Amino acid sequence: MNYKLADIELTEPLAPIELSAGQNGLGLIARWQGRLIGFEMVELSDGSVMTIERLKTLADERFAGRILVAKLQEELRQRQPMGEAAALPSLSIAICTKDRAQRLSRLLGSLDRVRAESAFQFVEILVVDNASVDTATRDAVAGFRDVRYVFETKAGLDFARNAALHAARGDIIAYLDDDVVVDRNWLTGLAKACLENPNVGGFTGLVLPYRLDTEAQILFERRGGFGRGFARREFHNARFDNPLHPVGSGVLGAGCNMAFDRALLIKLGGFDEALDTGAPLPGGGDLDIFYRVLRSGRPMIYEPEYAVYHEHRETIPQLRRQYWTWGLGMMAFLVKSYRTDDEMRARHRAMVRWWFFDQLKALARAASRFRGHELRFGIAELWGGIYGLAGEYDRSRARIQAIRERNP
């Protein structure tokens, strides 16, 4: 399986899209006046051509609603009285990385392309080298102008995120994983979200696939990927349509593309360093910080124009492990939150029940349809959840304490 990714502008004349030999599908990223409005995956025959007529039909069927919304929003924006523009806060962009200099360079290159046209008055880029084993990360940073380099000796993503939090100088701190590249409107989308929502606690954004070259990448995206859709959403501490909210904080977005009021994060004590620790527990840190921001009383905004492209896992074993870590991280987060937020304990217990029931339902569906990969991914996530519930947060706390003692 190998899908071609194509970025099309629907206000311009369309052109046929030709697949290469070996490509049997298309991932179509649609824009309207430069704005991202939709993503669709289409299965095609090997090396075939998506004709203009079929593209038009697809656009009518899948993107017409979003085009209408985009037009209405633009019309409303033009009718609003022009007042004095509010000043944007200052921005720190933090990239936490370990031994992945090539991907870091790719991300820094994409930031270089959008940085020059930023509306923010002050933008700094901060790379936190999370105990890399050689100098390749430092050398990669040296190849870009105006990028600060910080070395964090304690290995673990949330150690690095906290190092960035305290080294940064911006009012807003935007975190990017090193396996993403930013969309050309990434900074514009974040600036728009900041201007329209000056008192929120944080922002998340759209995550699209960087490539769909392997079966694992295609299966992951077909199962939902990191996608949260193309509509702006606002999240508060309470939600009347979801009795488990805000415990199910994964709906807010993904940790590979998130930003926060830096002063609020410092007030909250930063990231929990026993979550998102790297290989032993590569998850839960984003769920925890989304949850704590909402519980602080500050809302969060999901803004689709604040978009990145993520390089998904290449192989089926890597993807199966990712689902295992999702279950592991989810339960580690729930155990931690259950202990620290007495008021929400009933919701945490209800979320654990709901999560296992939902996983079992998904397994039953996969088994009844003879979907082997679905079944194996579901078993991996369920097993991760069981292992996570059986003391992973405590094991992780012991591991990070040992790391702290080795790196005083």
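Residues numbered from 1 in each chain as written. Predicted model: local features only at pLDDT ≥ 70, side-chain atom pairs only at ≥ 80, totals over all residues. Heavy atoms only, no water.

## A closer look at the overall build of the protein chain
Now for step 1: For the protein chain, the count of helices and strands is 12 helices and 14 strands.
Now for step 2: For a compact globule of 408 residues, the expected C-alpha radius of gyration is about 22 Å, and the protein chain comes in at 21 Å, within 12% of that figure.
Now for step 3: Along the first, second and third principal axes, the C-alpha set of the protein chain runs to 65 × 60 × 50 Å.
Now for step 4: Out of the 408 residues belonging to the protein chain, those deemed buried represent 54%.
Now for step 5: The long-range fraction of contacts in the protein chain, counting pairs at least 24 apart against all pairs at least 6 apart in sequence, stands at 74%.
Now for step 6: Seen as two clouds, the 55 positive and the 53 negative side-chain charges of the protein chain have centres 5 Å apart. (Helix = DSSP H or I, 4+ residues; strand = E, 2+ residues; numbered from the N terminus. Rg over C-alpha atoms; globule rule 2.2 N^0.38 Å. Buried < 20%, exposed > 50% of the residue type's maximum accessible area, 1.4 Å probe, protein only. Contact = heavy atoms within 4.5 Å. Lys, Arg positive; Asp, Glu negative; His and termini not counted. Charge placed at Lys NZ, Arg CZ, Asp CG, Glu CD.)

## Things to note about the pairing of strand β4 (residues 35-43)
Now for step 1: The buried count for β4 comes to seven of nine residues, which makes it a mostly enclosed element.
Now for step 2: Pairing geometry for strand β3 (residues 25-32) and β4, over eight bridges, is antiparallel. When the bridges of β4 are listed, Trp32 appears paired with Arg35.
Now for step 3: Where β3 folds back on β4, the antiparallel hairpin that results is connected by two residues, among which Gln33 adopts a positive phi of roughly 55°. (Pairing = 2+ DSSP bridges.)

## Thoughts on the pairing of strand β7 (residues 123-130)
Note on strand geometry: in a regular strand, side chains alternate between the two faces of the sheet.
Now for step 1: Across the eight residues of β7, eight count as buried, placing the element largely inside the fold.
Now for step 2: Burial along β7 is two-sided: the residues Val123, Ile125, Val127 and Asp129 and Glu124, Leu126, Val128 and Asn130 are all buried.
Now for step 3: In this structure, strand β6 (residues 91-97) lies alongside β7, joined through seven bridges in parallel fashion. Directly across from Thr97, in β7, lies its bridge partner Asp129.
Now for step 4: Regarding the hand of the β-α-β motif, the stretch spanning β6, helix α2 (residues 101-115) and β7 is right-handed.
Now for step 5: In terms of strand pairing, β7 meets strand β8 (residues 147-152) through six bridges, oriented parallel. By the bridge assignment, Asn130 is partnered in β8 with Glu152.
Now for step 6: Assessed by its sense of winding, the connection that carries the chain from β7 through helix α3 (residues 136-142) to β8 is right-handed. (Right-handed = clockwise from strand over helix to strand, strands pointing away.)

## Regarding the domain arrangement of the protein chain
Now for step 1: Splitting the protein chain by domain gives domain 1 (4-79), domain 2 (91-315) and domain 3 (318-406).
Now for step 2: Just the C-alpha atoms count here: the centres of domain 1 and domain 3 sit 36 Å apart. (Domains from an automatic or database assignment.)

## Quick notes on the state of the cysteines
Now for step 1: A full pass over the atoms with the stated rule returns zero disulfides.
Now for step 2: Looking at Cys96, it has no disulfide partner, and the nearest cysteine sulfur is the one in Cys256, 13 Å off.
Now for step 3: Just so you know, Cys194 is unpaired, no disulfide at all, and the nearest cysteine sulfur is the one on Cys256, 18 Å from it. (Disulfide = S-S within 2.5 Å.)

## Remarks on a nonpolar patch on the surface
Now for step 1: A surface patch of nonpolar side chains, amounting to about 300 Å² of accessible area, comprises Trp383, Ile386 and Tyr387.
Now for step 2: One can find Trp383 in helix α11 (residues 372-389). (Patch = residues over 30% accessible without salt bridge, like charges linked within 9 Å, V, L, I, M, F, W, Y side chains within 5 Å. Areas by Shrake-Rupley, 256 points an atom, 1.4 Å probe, with all protein chains shown as cover. Salt bridge = Lys/Arg side-chain N within 4 Å of Asp/Glu carboxyl O.)

## Quick notes on the sheet that holds β4
Now for step 1: Judged by pairing direction, the sheet is mixed, and its three strands sit side by side in the order β1-β3-β4 without closing on themselves. Strands at the two margins of the open sheet, each flanked by one partner only, are β1 (3-9) and β4. Adjacent strand axes in the sheet meet at a mean angle of 15°, parallel and antiparallel pairs treated alike.
Now for step 2: Pairing of β1 with β3 involves seven bridges; the strand directions are parallel. (Axes fitted to C-alpha atoms, helices over the stretch in contact; angles between N-to-C directions.)

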